[in-house]
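# Chains, contacts and geometry: an overview
Here is how the chains run, residue by residue.
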Amino acid sequence: MPGQRSAAKGSSQHEATAGYFGPLRPAKYMLLTTFGDDGIPVSTHVHGVVDGDRVYFRAWRQSGTARRLRRTDDVQVRACPMLGLTVGPPLDAVARLLSGEEASRAAGKLAGKYPLHQRFLIPLLCRTRGWQLAHYELLTYEAAASLDLYLEASSRVVTPR
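What you see is a predicted model; the values in this text were computed from it and never measured.

## What to know about the sheet that holds strand 3 (residues 48-51)
In space, the seven strands of this open sheet follow the order 2-1-5-6-7-4-3, with antiparallel pairing throughout. Of all the strands in the sheet, the pair left with one neighbour each is strand 2 (41-46) and strand 3. Each strand axis lies, on average, 35 degrees off the axis of its neighbour in the sheet, ignoring direction. When strand 1 (residues 29-35) meets strand 2, the two strands line up antiparallel, connected through six bridges. By the bridge assignment, Met30 is partnered in strand 2 with Val46. Across the sheet, helix 2 (residues 64-71) lies against strand 1, strand 2, strand 4 (54-60), strand 5 (74-80), strand 6 (87-97) and strand 7 (133-139), angled at about 50 degrees from strand 1, the strand it touches most.

## With respect to the layout of surface pockets
In this structure, the largest pocket encloses a volume near 200 Å³. Around the largest pocket, the lining residues are Tyr29, Thr44, His45, Val46, His47, Arg58, Ala59, Trp60, Ser63, Thr65 and Met82. At the level of elements, strand 2 and strand 4 are the ones that each hand at least two residues to the lining of the largest pocket. Across the lining of the largest pocket, the residue classes tally to five nonpolar, five polar and one charged.

## Considering the side chain of Thr65
Tracing the backbone through its elements, the reader meets Thr65 in helix 2. Setting aside its immediate chain neighbours within four residues, Thr65 contacts Leu32, Thr34, Thr44 and Ala59.

## Section: the environment of Ile40
For Ile40, the location among the structural elements is in the loop between strand 1 and strand 2. According to the relative accessible area criterion, Ile40 is partly exposed, its value standing at 49%. Ignoring anything within four residues of it in the chain, the contact list for Ile40 reads Thr34 and Phe35.

## Re the nonpolar core
The biggest cluster of nonpolar side chains holds 21 residues, and the ones touching the most others in it are Phe21, Leu24, Val77 and Leu138. Apart from residues no more than four positions distant in its own chain, Leu24 is found in contact with Met30, Val50, Val55, Val77, Arg78, Ala79 and Leu91. Ranked by size, the runner-up nonpolar core spans seven residues in total, among them Val49, Tyr56, Ala103 and Ala106.

## So, the pairing of strand 6
Judged from the five bridges that link them, strand 5 and strand 6 form a sheet pairing that is antiparallel. The residue bridging Asp74 from the neighbouring strand is Val94, located in strand 6. Bridge analysis of strand 6 against strand 7 gives four bridges, and the strand direction is antiparallel. When the bridges of strand 7 are listed, Val94 appears paired with Leu139.

## A few points about the confidence of the model for the protein chain
Mean pLDDT for the protein chain: 76, with 69% of residues reaching 70 or above. Taking the mean pLDDT of every element in the protein chain, the minimum, 41, falls on helix 1 (residues 2-18) and the maximum, 91, on strand 1. For the stretch residues 1-17, pLDDT sits under 50, and the model shows one contact to residues farther than four places along the chain or on other chains.

## Digging into the pairing of strand 1
Counting buried residues in strand 1 gives six out of seven residues, a clear majority hidden from the surface. Across five bridges, the pairing between strand 1 and strand 5 is antiparallel. Looking at strand 5, one finds that Thr33 is bridged to Gln76. Between strand 1 and strand 2, which pair antiparallel and follow one another directly, the connecting turn spans five residues, one of which, Gly39, has a positive phi of 85 degrees.

Cut-offs applied
Residues numbered from 1 in each chain as written. Predicted model: local features only at pLDDT ≥ 70, side-chain atom pairs only at ≥ 80, totals over all residues. Heavy atoms only, no water. Pairing = 2+ DSSP bridges. Helix = DSSP H or I, 4+ residues; strand = E, 2+ residues; numbered from the N terminus. Axes fitted to C-alpha atoms, helices over the stretch in contact; angles between N-to-C directions. Contact = heavy atoms within 4.5 Å. 1 Å grid on protein atoms, 1.4 Å probe; cavity = no way out; pocket = protein on both sides within 12 Å on 5 of 7 lines; lining within 4 Å. Points joined across faces, edges and corners; volume = space filled by probe spheres on them. Nonpolar A, V, L, I, M, F, W, Y, C, P; charged D, E, K, R; others polar. Buried < 20%, exposed > 50% of the residue type's maximum accessible area, 1.4 Å probe, protein only. Core = buried A, V, L, I, M, F, W, Y, C linked by side-chain atoms within 4.5 Å. pLDDT = per-residue confidence, 0-100.

Following this line, the structure appears as structure tokens:
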């Protein structure tokens, strides 16, 4: 039993230094699993970039991934190479659609990590086919809950008496 305690302690110490999304940082691709109405998981490869305790990725607005994310924001993500062999544990997260300046910032971070795809190929497809991109942010459940509380508090209108 003492060996189990030290192993658990060591893994939590590693998570504290690398962060919750630390295992995704070196990954070229991420395997994103979204869930349909009936709860059936559907996995797809996405380009993603880790920025502190958040992960940014993009999807085509017309894609099944974006449709499923409009229904439920719960996802699982794990690092993977291009062939789809998973590396590392699945991480539970909450996906949030970005807009405006936040989406531009996410696009810039993705373009920094994937310059050929994000600065040349993706804009070319957008122009030629008329497709639109949706940028998302992955948050831990705790970060999503605190963000929801912040947005709820900031949306309240205080009327002067």
